[in-house]
Amino acid sequence: MSIGKLFIKFVAIAGVALFSFSPAHSASHSKGSIVSFNGPAGEAYIGRFIKGIKATAELKGFDIKVYENQFNQAEQDQQVQQVLAAGQLPDVFIWWPSDAVAGLGSLRALAKTGVPVLKINQLPNEQDKQYIFGYAGPDDRLRARNAGYMMREAAAAKKAAGGEGFNVLALSYPHSYGGYDLSINAFKEAIAGSDLKIIGDVDEGFGQANGYKGAAKMIAKLKDQGIHFVYGMDDAILTGGIKALEEAGYKMGEDVIAVGTVCNGDKQLIEEGKQFGTTLQSPLHEGQLAIKMVEEYLNTGKLENYINFTPNPSVTKDTIETTALRGFDGKLYTVEELCSGAWAD
Amino acid sequence: MSPISEPINQLPKPSILEKLIQRHSKLAITLLAIFIVVFVYGMVTAPNFLTLFNFKTIIRDAALVGIMAIGLTFVTLSGNFFLLSMKETAALCIIAFATGMASGWGFELSFLFTMVFALIAGISQGALIGIGGNPIVVTLGAAGVLYGLGAYWSDNLVVSYRRPHGAEWLGTGSFLGLPNITVAFILIAISAELLLRKTSFGRQVYLIGANRAAGRATGHENFWMAIKVCTIASVCSAFVAIAFSAQVSSAQVNYFSSEFGSSGDMTIMVIATVMVGGNSIMGGFGSTLRSSLGAVFISTVDNMMVLHGFNSGPRVFAVGLMIVFSIIVFAILRRGSRSEE
């Protein structure tokens, strides 16, 4: 046999083998196929979300394909066009827009195919409600409200002990980000009527480095007034803020009491008492809940609840070792497994 | 005394302002004047701007981007444009350092381990550029490889290590009231400037950057120069990665993608810093001091805006505007200087 013929035979066999094991072919044996559009796995929270959604999809017998974008709506729009142009439509689309407003066109295009769309992570707005069959994800308001209640509790304890000073510095998401208004309003509602008073709100950006930079500038601005409490819109931002406060000579837990949310910061800060507490928002839960909602919809043709939130319990130094939550896959998870920052031992 | 020399001696000596106007175009002077007025007004009216504490905050804020910009300046001055892989080098290096720390190797060994990656990244990119590769294309490709390695190595997860640890002195320690990262920035800025001004290596950087053919004629090939400057830039990136990890006791591959400034991308911030300093993109003109001051300038504008109570949108706009503005002013000033020559 000539080398040419051998090569053709090899290509033919490889092609058949490849087709046999392709996702499209194996989809016929599964409970359904899902395509998820979301952010990059390189981001800690989304990385865990992707692990959760893939593991739960496998557990429930779904085939899933995940398209990651680098927090870029134009890139996500292109991915949507590629999937639609390929012509092989899944049974359900999962839609985590990079920018809910700018991505409305792509959502509309997905819905026009007739394939049901589940929106995740960012609450539906008036414009996109018509294109989705439901929402699964975190509750920014509950998370921020719980943080507010925790800070109230800490303030009350401080007052009872004869402490003075209740000025609050907020380290926020960018003010243009959708979750900002929901979070800050819920937090303000929670602390309303207490001695706590927000004297500064800085939105340097996401992450620890920006938390540090924003806090450092605000310390320079508010030092004379006094900073006694810090609210971090998420723990990564707060972790940077705590570093800046410590560098400026504040003793965390004594001079300043810090409360965060999301549980994507640093476990050791809570253990050491430098951070009073946080409210959990688990990416693992979010991925699992999305698959649960897809399963419910495919089985019954509708969702029992249009809006479905992941749980947001408070976590403090006292409860860190005892808090455990059942996942939507039925397993029991510890806080370490559910959080997404520097939480691994 | 001759009759001709007498009236010349009677001419009044021009003032500094007059000299400035004579040497540079009126447009440049007007732009500069507007800029100075706006800048000084912003400084004076910003609450608590003119305090020692805030001054330290500004320098500390500029430190990490500034150190990377100093490294990149060597590449730019040598006529090799930019390394588009600055943040990706840092991404791989921060994973390497945190992995070492988490494995209990201690600061020194983790530092050396990280620097091995920086050297490999710098030397390989420099060699490819040195044999004639386009710096933009080479470093764009390298960026993907370096980031991909970091993501694969860390499985996209946060690598953390518990305090107390041997790197805390660098991340959160201070010397004479200044954070050690600020001290490192100042020392690196001084060393880099001395390296450029006082050594034959520094003179070669300028020579090859200004005229590659002349450099070749005098026996100075860009091949070795590209390797040296890319290595310096990579080592600076690695140092920033180590300092940042030491501060937060953790690492993640995307720390330098999303965490530095409202504009997000650290490589772009570093390039902007080099340009704001007035360094020539074509090489041969500029200094690391200019880049250091560029970093402090950007940090100052941002700081002033925060103290005035602006949120991120107007701040990004203002910083962007200032960058464009200063690049235009430097370009006009340089053109004026050249036409005078």
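Conventions we followed
Residues numbered from 1 in each chain as written. Chains lettered and ligands numbered in written order. Predicted model: local features only at pLDDT ≥ 70, side-chain atom pairs only at ≥ 80, totals over all residues. Helix = DSSP H or I, 4+ residues; strand = E, 2+ residues; numbered from the N terminus. Rg over C-alpha atoms; globule rule 2.2 N^0.38 Å. Buried ≥ 20, exposed ≤ 12 C-beta atoms within 10 Å, placed from the backbone. Contact = placed C-beta atoms within 7 Å. Axes fitted to C-alpha atoms, helices over the stretch in contact; angles between N-to-C directions. Parallel < 35°, antiparallel > 145°, perpendicular 65-115°, else oblique. Left-handed = near helix turned anticlockwise from the far one by under 90°. Pairing = 2+ DSSP bridges. Right-handed = clockwise from strand over helix to strand, strands pointing away. Nonpolar A, V, L, I, M, F, W, Y, C, P; charged D, E, K, R; others polar. Domains from an automatic or database assignment. pLDDT = per-residue confidence, 0-100. Expected span 1.5 Å × (residues − 1).

1. Some words on the overall build of chain B
In step 1: A tally of helices and strands in chain B yields 16 helices and four strands.
In step 2: A compact globule built from 341 residues would reach a C-alpha radius of gyration of about 20 Å, and chain B, at 22 Å, matches this within 12%.
In step 3: Summarising its shape, the C-alpha atoms of chain B cover approximately 85 × 55 × 35 Å along the three principal directions.
In step 4: Of all 341 residues assigned to chain B, the portion counted as buried reaches 49%.
In step 5: Within chain B, contacts between residues at least 6 apart in sequence are counted, and of these 77% link residues at least 24 apart.

2. Focus on the packing of helix α4 (residues 52-77) of chain B against helix α15 (residues 288-307) of chain B
All names here are of chain B.
In step 1: α15 packs onto α4 with a crossing angle of 140° between their chain directions and a minimal axis gap of 7 Å. For the element pair α4 / α15, the angle class is oblique. At the point where α4 passes α15, the crossing takes the right-handed sense. Here Asn54, Thr57, Ile58, Ile59, Asp61, Ala62, Val65, Gly66, Ala69, Ile70 and Thr73 of α4 come into contact with α15, specifically with Thr288, Ser291, Ser292, Gly294, Ala295, Val296, Ser299, Thr300 and Asn303.

3. Details of the pairing of strand β4 (residues 117-120) of chain A
All names here are of chain A.
In step 1: Where strand β3 (residues 92-95) lies against β4, three bridges are found, and the strand directions are parallel. The residue of β4 that forms the bridge with Phe93 is Val117.
In step 2: At this point the chain moves from β3, through helix α5 (residues 104-112), to the parallel β4, and the crossover so formed is right-handed.
In step 3: Where β4 lies against strand β5 (residues 134-137), three bridges are found, and the strand directions are parallel. The residue of β5 that forms the bridge with Leu118 is Gly134.

4. Considering the interface of chain A and chain B
In step 1: Taken together, the contact between chain A and chain B spans 31 residues of the former and 36 residues of the latter.
In step 2: Counting residues per element, the ones that place at least two in the side of chain A that touches chain B are α3 (44-60), α8 (208-222) and α9 (235-247) of chain A.
In step 3: Considering each element in turn, the side of chain A that touches chain B owes the most residues, eight residues, to α8(A).

5. Side note on the packing of helix α6 (residues 140-160) of chain A against helix α7 (residues 178-191) of chain A
Residues and elements named next belong to chain A.
In step 1: Running from amino to carboxyl end, α6 crosses α7 at an angle of 35°, the nearest separation of the two axes being 7 Å. The element α6 and its partner α7 pack so that their crossing is right-handed. Touching Asp140, Arg141, Ala144, Arg145, Ala147, Gly148, Tyr149, Met151 and Arg152 of α6 are Gly179, Leu182, Ser183, Ala186, Phe187, Glu189, Ala190 and Ile191, all from α7.
In step 2: Tallied by class, residues from the contact of α6 with α7 come to nine nonpolar, three polar and five charged.

6. A closer look at the sheet that holds strand β11 (residues 307-309) of chain A
Residue and element names in this part refer to chain A.
In step 1: The sheet built from six strands is open, its strands ordered β2-β1-β3-β4-β5-β11 with parallel pairing. Each end of this open sheet is capped by a strand with a single partner; those strands are β2 (62-68) and β11. Pairs of neighbouring strands in the sheet enclose a mean axial angle of 20°, with direction left out of account.
In step 2: Seen against the sheet, α3 touches β1 (32-38) and β2 and runs at an angle of roughly 160° to β2.

7. Section: the domain arrangement of chain A
Residues and elements named next belong to chain A.
In step 1: For chain A, the assigned domains read domain 1 (31-138 + 285-311) and domain 2 (140-279).
In step 2: Between the C-alpha centres of domain 1 and domain 2 there is a distance of 32 Å.
In step 3: The interface of domain 1 with domain 2 comprises six residues on the first partner and five residues on the second.
In step 4: By residue class, the composition of the side of domain 1 that touches domain 2 is five nonpolar, one polar and no charged.

8. Brief notes about the confidence of the model for chain A
In step 1: Chain-level pLDDT for chain A is 89 on average; 91% of the residues reach the 70-or-more range.
In step 2: Below a pLDDT of 50 lies the segment residues 15-27 of chain A, which in the model reaches nine contacts outside its immediate sequence neighbourhood of four places, other chains included.

9. Focus: unusual backbone geometry
Residue and element names in this part refer to chain B.
In step 1: Looking along the chain, the bond that leaves Arg163 and enters Pro164 is cis, with omega of -5°.
In step 2: Mapping Pro164 onto the fold places it in the loop between β1 (159-160) and α8 (168-171).
In step 3: Of note in this structure, Asp155 is not a glycine but carries a positive phi near 55°.
In step 4: On the secondary structure map, Asp155 appears in the loop between α7 (135-154) and β1.
In step 5: Among the residues examined, Asp155 registers 11 C-beta atoms within 10 Å and is labelled exposed.
In step 6: In this model, Ser249 sits at a positive phi of 55°, which is unusual for a non-glycine residue.
In step 7: With respect to the helices, strands and loops of the structure, Ser249 is situated in the loop between α12 (222-248) and β4 (250-251).

10. Considerations on α7(B)
In step 1: Its 20 residues give α7(B) an end-to-end C-alpha distance of 28 Å, which sits within 8% of 28 Å, the value for a rise of 1.5 Å per residue.
In step 2: Residues of α7(B) that are buried make contact with α5 (86-102), α6 (106-130) and β1 of chain B.

11. Looking at α9(A)
Because an α-helix completes one turn every 3.6 residues, residues spaced three or four positions apart along the sequence face the same direction.
All names here are of chain A.
In step 1: Over its 13 residues, α9 extends 18 Å from the first C-alpha to the last, a length consistent with the 18 Å expected when each residue adds 1.5 Å.
In step 2: The buried count for α9 comes to twelve of 13 residues, which makes it a mostly enclosed element.
In step 3: Regarding α9, the residues found buried are Asp235, Ala236, Ile237, Leu238, Thr239, Gly240, Gly241, Ile242, Lys243, Ala244, Leu245 and Glu247.
In step 4: In the segment just after α9, Gly249 is the residue with positive phi, at about 100°.

12. Observations regarding the environment of A:Tyr180
All names here are of chain A.
In step 1: As for its position among the elements, Tyr180 is in helix α7.
In step 2: Given 18 C-beta atoms within 10 Å, Tyr180 falls into the partly exposed group.
In step 3: Once residues lying within four places of it in the same chain are set aside, the contact partners of Tyr180 are Ser172, Tyr173, Pro174 and His175.

13. Concerning the confidence of the model for chain B
In step 1: Averaged over all residues, the pLDDT of chain B equals 89, while 90% of them reach at least 70.
In step 2: This prediction of the complex comes with two scores: 0.85 for pTM and 0.83 for ipTM.

14. Describing the pairing of strand β8 (residues 229-232) of chain A
Residue and element names in this part refer to chain A.
In step 1: What you see with β8 is no split at all: Phe229 and Tyr231 on one side and Val230 and Gly232 on the other are buried throughout.
In step 2: As paired strands, β8 and strand β9 (residues 257-259) are joined by three bridges and run parallel to one another. Bridging from a neighbouring strand, Tyr231 pairs with Val259 of β9.
In step 3: The β-α-β motif built from β8, the intervening α9 and the parallel element β9 has right-handed crossover chirality.

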